[in-house]
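One letter stands for each residue in the lines below.
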Amino acid sequence: MDIPTDTPPKPSPVPDGKPTPTEQKRASRGATRPGDRIFLGLSRGSGIVLLGIMAAVAAFLAYRSSVALADDSGNFLTTFEWDPAGITTGGKPYFGIAVLVFGTIVSSIIALVIAVPIAVGIALFISHYAPRQLAAPIAYVIDLLAAVPSIVYGLWGAIVVAPNLTGLYSWLDDYFGWTGIFEYQGGAPRSLMTVGILLAIMILPIITNVSREVFLQVPKFNEEAALALGATRWEVIRMSVLPFGRSGIISASMLGLGRALGETIAVATVLSPSFIIQASVLDYGGGTFAQNIASKFSEADEYGRDALIASGLVLFVITLLVNGAARMIIARRKEYSGANA
């Protein structure tokens, strides 16, 4: 009996990551179709329009800011006063953003510290613990929180939240007042801490919804493999869910931080602003960029509005830096993004 000795020809090696000639031919042939050309033009045009809008906003802010900064008698970055009209400085414009930078960053950090753990816990409960009949209503309620207008949060914070924080502030002063950060001198609790608590409630739906959707995308075989090895529910979450959703949690936190940085009406409603940096976050005073612009824009003259636009440019730059830092963090953790799952 003859045994065939012919072996099938081996396929020619193809460099990794490079399409074959057949694939290149198909791709070039598909790109000539009218539908593909239209879609390519629309998508490319959308990107160009977006970049153009960003460039136009940046150019407008930079131009109007340069007009104000050219005549500023103080140091824009370190001055603890806001008087573009020169009422208290003999007619010379004198303004700076030191207090605004401090208040904006501190209140946003407080909001993130409070909101992120709670939001991640709610997202895990909805996606991995709650029964389906209970998870859907909770998710719906969380979605409704994102639709509440900022002014409603502000009124609720000023009338309900702020007056009832005295007990909490007194407790923080009793046990942590020695740090200086939580020292409470009494009085109306309209401080950066109050602003941070209100902002945490406002950004909670954003972080929760994004984190929940990321956790629901965790491959089931990862969780089943951990359970098959005898892992508990918490160990499954710690070893499979949280590593997979780490980039999603970072992205959700940055979205929440973006809203906290730019929140206006709610902050202006609950904060007693002053251009003084307090060592304690429980004492009244401080300010944020958005709150200062909203409260002073209507009464400012042309030069005062240019000064407010200059502070808006700084907020614009801070927001870009925050988003850029988030992209860098996510890029360093691609192995957890789910792209390779």
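For the structure itself, look to the data block above.
Residues numbered from 1 in each chain as written. Predicted model: local features only at pLDDT ≥ 70, side-chain atom pairs only at ≥ 80, totals over all residues. Heavy atoms only, no water.

A. Expanded view of the layout of surface pockets. For the largest pocket, the calculated volume is near 190 Å³. When residues of the lining of the largest pocket are traced back to their parent elements, those giving at least two are strand S1 (82–83) and helix H13 (302–332). In terms of residue class, the lining of the largest pocket is made up of six nonpolar, one polar and four charged. (1 Å grid on protein atoms, 1.4 Å probe; cavity = no way out; pocket = protein on both sides within 12 Å on 5 of 7 lines; lining within 4 Å. Points joined across faces, edges and corners; volume = space filled by probe spheres on them. Helix = DSSP H or I, 4+ residues; strand = E, 2+ residues; numbered from the N terminus. Nonpolar A, V, L, I, M, F, W, Y, C, P; charged D, E, K, R; others polar.)

B. Seen up close, the pattern of salt bridges. Applying the stated criterion across every chain, the model contains four salt bridges. The closest approach of N and O atoms between Arg64 and Glu302, which form a salt bridge, is 3.1 Å. Taken together, the residues span a long stretch of sequence, with Arg64 in helix H2 (residues 34–70) and Glu302 in helix H13 at a distance of 238 residues. Note that Arg64 and Asp306 form a salt bridge whose closest N and O atoms lie 2.5 Å from each other. With Arg64 in helix H2 and Asp306 in helix H13, this pair connects stretches of sequence that are 242 residues apart. An identical accessibility class is assigned to Arg64 and Asp306; each is buried. It is possible to trace a salt-bridge network through shared partners that takes in Arg64, Glu302 and Asp306. (Salt bridge = Lys/Arg side-chain N within 4 Å of Asp/Glu carboxyl O. Buried < 20%, exposed > 50% of the residue type's maximum accessible area, 1.4 Å probe, protein only.)

C. Representation of the packing of helix H3 (residues 98–129) against helix H7 (residues 192–216) within the structure. Where H3 meets H7, the closest approach of the two axes is 5 Å, and the angle between their N-to-C directions is 35 degrees. Judged by the sense of rotation from one axis to the other, the crossing of H3 with H7 is right-handed. Its residues assigned to classes, the contact of H3 with H7 shows 26 nonpolar, seven polar and one charged. (Axes fitted to C-alpha atoms, helices over the stretch in contact; angles between N-to-C directions. Left-handed = near helix turned anticlockwise from the far one by under 90°.)

D. Examining the packing of aromatic side chains more closely. Summed over the entire model, instances satisfying the criterion amount to eight aromatic pairs. For the ring pair Trp171 and Phe176, a centre distance of 5.8 Å and an interplane angle of 65 degrees mean the geometry is edge-to-face. Taken together, a centroid distance of 6.4 Å and an interplanar angle of 65 degrees make the contact between Phe176 and Phe182 edge-to-face. What makes Phe182 partly exposed here is its relative accessible area of 25%. Members of the aromatic cluster, connected to one another through ring pairs, are Phe76, Trp82, Phe95, Phe275 and Tyr303. Note that Arg233 overlies the ring of Tyr129, its terminal NZ or CZ placed 5.4 Å from the centroid. Geometry around Phe297 places Arg305 over its ring, the cationic atom sitting 5.0 Å from the centre. (Phe/Tyr/Trp six-rings, centres within 6.5 Å; stacked < 30°, edge-to-face > 60°. Lys NZ or Arg CZ within 6 Å of the ring centre and 35° of its normal.)

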